[in-house]
Amino acid sequence: MIDDHRSACPINLSLEVFGDKWSLLIIRDMIFGGKRHFRELLRSQEGISSNILADRLKTLLEIGMLTKRDDPSHKQKAIYSLTEMAIALVPIMAHLGAWGRRYLPVSEELSIRAQLMEEGGPALWERFMDELRAEHLGAPGETEGPTVRRTLQAAYEDVMARKARELVSTGK
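Rules of the game
Residues numbered from 1 in each chain as written. Predicted model: local features only at pLDDT ≥ 70, side-chain atom pairs only at ≥ 80, totals over all residues. Heavy atoms only, no water. Helix = DSSP H or I, 4+ residues; strand = E, 2+ residues; numbered from the N terminus. Contact = heavy atoms within 4.5 Å. Areas by Shrake-Rupley, 256 points an atom, 1.4 Å probe, with all protein chains shown as cover. Lys, Arg positive; Asp, Glu negative; His and termini not counted. Charge placed at Lys NZ, Arg CZ, Asp CG, Glu CD. Axes fitted to C-alpha atoms, helices over the stretch in contact; angles between N-to-C directions. Parallel < 35°, antiparallel > 145°, perpendicular 65-115°, else oblique. 1 Å grid on protein atoms, 1.4 Å probe; cavity = no way out; pocket = protein on both sides within 12 Å on 5 of 7 lines; lining within 4 Å. Points joined across faces, edges and corners; volume = space filled by probe spheres on them. Nonpolar A, V, L, I, M, F, W, Y, C, P; charged D, E, K, R; others polar. Buried < 20%, exposed > 50% of the residue type's maximum accessible area, 1.4 Å probe, protein only.

Enquirer: I'd like a description of the overall build of the protein, backed by residues and values.
Expert: On a plain count of helices and strands, the protein comes out with eight helices and two strands. In the protein, the order of α-helices and β-strands from amino to carboxyl end is α-α-α-α-β-β-α-α-α-α. When its C-alpha atoms are laid out on the principal axes, the protein stretches across 60 × 40 × 35 Å. Intrachain contacts of the protein at a sequence separation of at least 6 include 52% that bridge at least 24 residues. Looking at the protein as shown, the accessible area adds up to about 10,700 Å², and 57% of this sits on carbon and sulfur atoms. Computed over 24 positive and 25 negative side-chain charges, the inter-centroid distance for the protein is 6 Å.

Enquirer: Describe the packing of helix α2 (residues 21-33) against helix α6 (residues 90-103), naming the residues involved and giving the relevant values.
Expert: Each packed pair of helices is defined by two parameters, the angle between the axes and the distance between the axes. At their nearest, the axes of α2 and α6 sit 11 Å apart, and the two run at 105 degrees to each other. Of the possible angle classes, the one that applies to α2 and α6 is roughly perpendicular. When α2 is examined against α6, the residues L24, I27, R28, I31 and F32 are found in contact with a partner set consisting of V90, M93 and L96.

Enquirer: Before we move on, could you go through the layout of surface pockets and cite the residues and values that matter?
Expert: Taken as a whole, the largest pocket encloses approximately 1,100 Å³ of empty space. Counting residues per element, the ones that place at least two in the lining of the largest pocket are α2, α6, α7 (108-137) and α8 (148-170). The computed volume of the second largest pocket comes to approximately 260 Å³. Lining the second largest pocket, in full, are P10, I11, S14, L15, V17, F18, L24, M65, M85, L89 and I92.

Enquirer: Tell me about empty space enclosed by the protein, and name the residues and values.
Expert: In total, this model carries one cavity of 30 Å³ or more according to the counting rule given. The computed volume of the largest cavity comes to approximately 40 Å³. As for the largest cavity, its lining consists of W22, L25, I26, D29, L41, S44 and I48. In terms of residues, the lining of the largest cavity owes the most to one element, α2, which gives four residues.

Enquirer: Describe the packing of α2 against helix α4 (residues 50-62), with residues and values.
Expert: Contact pair α2 / α4: the axes reach a minimum separation of 10 Å and the direction vectors enclose 80 degrees. One finds that α2 runs roughly perpendicular with respect to α4. Across from W22, S23, I26 and I27 in α2, the residues of α4 making contact are I52, L53, R56, L57 and L60. Classifying every residue of the contact of α2 with α4 gives seven nonpolar, one polar and one charged.

Enquirer: Can you explain the environment of L124? Please cite residues and give values.
Expert: As for its placement among the helices and strands, L124 is situated in helix α7. Counting along the chain gives 95 residues from L124 to D29, while the straight-line C-alpha distance between them is 18 Å. The residues contacting L124, other than those within four sequence positions of it, are L116, M117 and V148.

Enquirer: Which residues make up the environment of L57, and what are the values?
Expert: With respect to the secondary-structure elements, L57 resides in helix α4. By relative accessible area, which is 1% here, L57 ends up buried. Between the C-alpha atoms of L57 and E84, which are 27 residues apart in sequence, the distance is 16 Å. When residues no more than four places from it in sequence are discounted, the contact partners of L57 are I26, F38, L41, L66 and Y80.

Structure follows, in structure tokens:
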């Protein structure tokens, strides 16, 4: 197995999986955006091309981060699901978001989710992973109140609405 990789270092092996931005952005869109179909993933804000998306989905399937099944509501669609391997990235995504907020020129609306994930800490991450396990793996789970994803989305929508009101009030 070492022959197939530069080294057996866990950081190296992880980077071989996530060596480009698209793999993590696909996982991000599935975790935080609830995207499960090719066309939904194709509409990422970063503008992934269809051939790159198809290639990365194939790779993520091969390494076991995603599964794919036919969509019973549409014969030509497939539904992608996260595996435990991908769901386990939630804390890493939270840390990446916190690091980006701290050191990079992020926008308020696109960083609000990262802020809430950082503030919620491990308890929120565990709850979110349990919700993802129920959604993607069929694990039993009960959610009281809004889901973590819904709470994060509502915060994003609140920031966007406030910014729209500010634009209207300033006449810009």
